[in-house]
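Read off the chains here:
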Amino acid sequence: MAEANQQSSQQTTMYDWIGGEQGVRKLVDRFYEIMDQDEQAKTIRAMHKQDLSEIKNGLFEYLSGWLGGPPLYIMKHGSPCITKPHAPFKIDQAASDAWMHCITKAMEDVAIEEKYRKMLTPAFQRMCDTLMNS
């Protein structure tokens, strides 16, 4: 019993709450599946290479640290500046909405609890707002 209490008290980040490495990987994989298939996402899909494996891994590493888990992106690339790699692309309200559509659907599809989706949605929206350049 003490072991179970110790484990639950250690789960204090969003990273832990959504399932740790496996949960973040599932979220990222589903996000890119939706982006690759959903008509509403064609504008943002066009901003990516045909092979999504590199960008998938980058988002996984970024979100891992952003959600309170291991700072994988920082360990590989240093401090992240998410605006710089997005600067060459026209990111307007439609692109932001498409990204939010994909991440919202992905969170639902991988069964992230509603209370955590409600916390993550405005944080993801702020991220999108930061990237808008048109």
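Undergrad: Just to check I follow, could you spell out the overall build of the chain for this structure?
TA: Of the regular secondary structure elements, the chain holds nine helices and zero strands. Along its sequence from the N terminus, the chain presents helices and strands in the succession α-α-α-α-α-α-α-α-α. Its C-alpha radius of gyration of 15 Å places the chain within 12% of the 14 Å reference for a compact globule of 134 residues. In terms of overall dimensions, the chain has C-alpha extents of about 55 × 30 × 25 Å along its principal axes. The buried share of the chain, reckoned over its 134 residues, is 34%. Taking contacts inside the chain between residues at least 6 apart in sequence as the whole, the part at least 24 apart equals 70%. Separation of charge centres in the chain, based on 15 positive and 18 negative side chains, amounts to 3 Å.

Undergrad: When you look at the nonpolar core in this model, what are you seeing that I'm missing?
TA: Nonpolar side chains tend to gather and get buried jointly when the protein is soluble and globular. Judged by nonpolar contacts, the single largest core of 36 residues is most densely connected at Ile-18, Phe-31 and Phe-124. Listed by contribution, the elements that provide at least two residues to this core are helix H2 (14-17), helix H3 (20-37), helix H5 (53-66), helix H8 (93-109) and helix H9 (114-131). For this core, the element with the most residues is H8, which contributes eight residues. The contact partners of Phe-31, leaving out residues within four places of it in the chain, are Leu-59, Trp-99, Cys-102, Ile-103 and Ala-106.

Undergrad: Would you take a moment to explain the environment of Gly-23 for this structure?
TA: Mapped onto the elements of the fold, Gly-23 is located in helix H3. For Gly-23, a relative accessible area of 9% translates into the label buried. Taking the C-alpha atoms as reference points, Gly-23 and Glu-39, separated by 16 residues in sequence, lie 25 Å from one another.

Undergrad: How do you make sense of the packing of H3 against H8 when you look at a structure like this?
TA: It is at 8 Å that the axes of H3 and H8 come closest, and there the two elements cross at 130 degrees. Here H3 lies oblique to H8, going by the angle between them. You can see that H3 and H8 cross each other, and the crossing is right-handed. Each of Leu-27, Arg-30, Phe-31, Ile-34 and Met-35 in H3 lies in contact with H8, whose residues at this interface are Trp-99, Cys-102, Ile-103, Lys-105, Ala-106, Met-107 and Asp-109.

Undergrad: Sorry if this is basic, but what is going on with the packing of aromatic side chains here?
TA: Aromatic ring pairs are defined here through the distance separating the ring centres and the angle between the ring planes. Under the criterion given, the structure shown has six aromatic pairs. Between Trp-17 and Tyr-116, the aromatic rings sit 5.2 Å apart at their centres with planes inclined by 15 degrees, giving stacked as the arrangement. Here the residue Trp-17 occupies a position in helix H2, and Tyr-116 occupies one in helix H9, the gap between them amounting to 99 residues. Relative to Tyr-73, the ring of Tyr-62 has its centre 6.2 Å away and its plane inclined at 85 degrees; by these criteria the two rings are edge-to-face.

Calculation criteria
Residues numbered from 1 in each chain as written. Predicted model: local features only at pLDDT ≥ 70, side-chain atom pairs only at ≥ 80, totals over all residues. Heavy atoms only, no water. Helix = DSSP H or I, 4+ residues; strand = E, 2+ residues; numbered from the N terminus. Rg over C-alpha atoms; globule rule 2.2 N^0.38 Å. Buried < 20%, exposed > 50% of the residue type's maximum accessible area, 1.4 Å probe, protein only. Contact = heavy atoms within 4.5 Å. Lys, Arg positive; Asp, Glu negative; His and termini not counted. Charge placed at Lys NZ, Arg CZ, Asp CG, Glu CD. Core = buried A, V, L, I, M, F, W, Y, C linked by side-chain atoms within 4.5 Å. Axes fitted to C-alpha atoms, helices over the stretch in contact; angles between N-to-C directions. Parallel < 35°, antiparallel > 145°, perpendicular 65-115°, else oblique. Left-handed = near helix turned anticlockwise from the far one by under 90°. Phe/Tyr/Trp six-rings, centres within 6.5 Å; stacked < 30°, edge-to-face > 60°.

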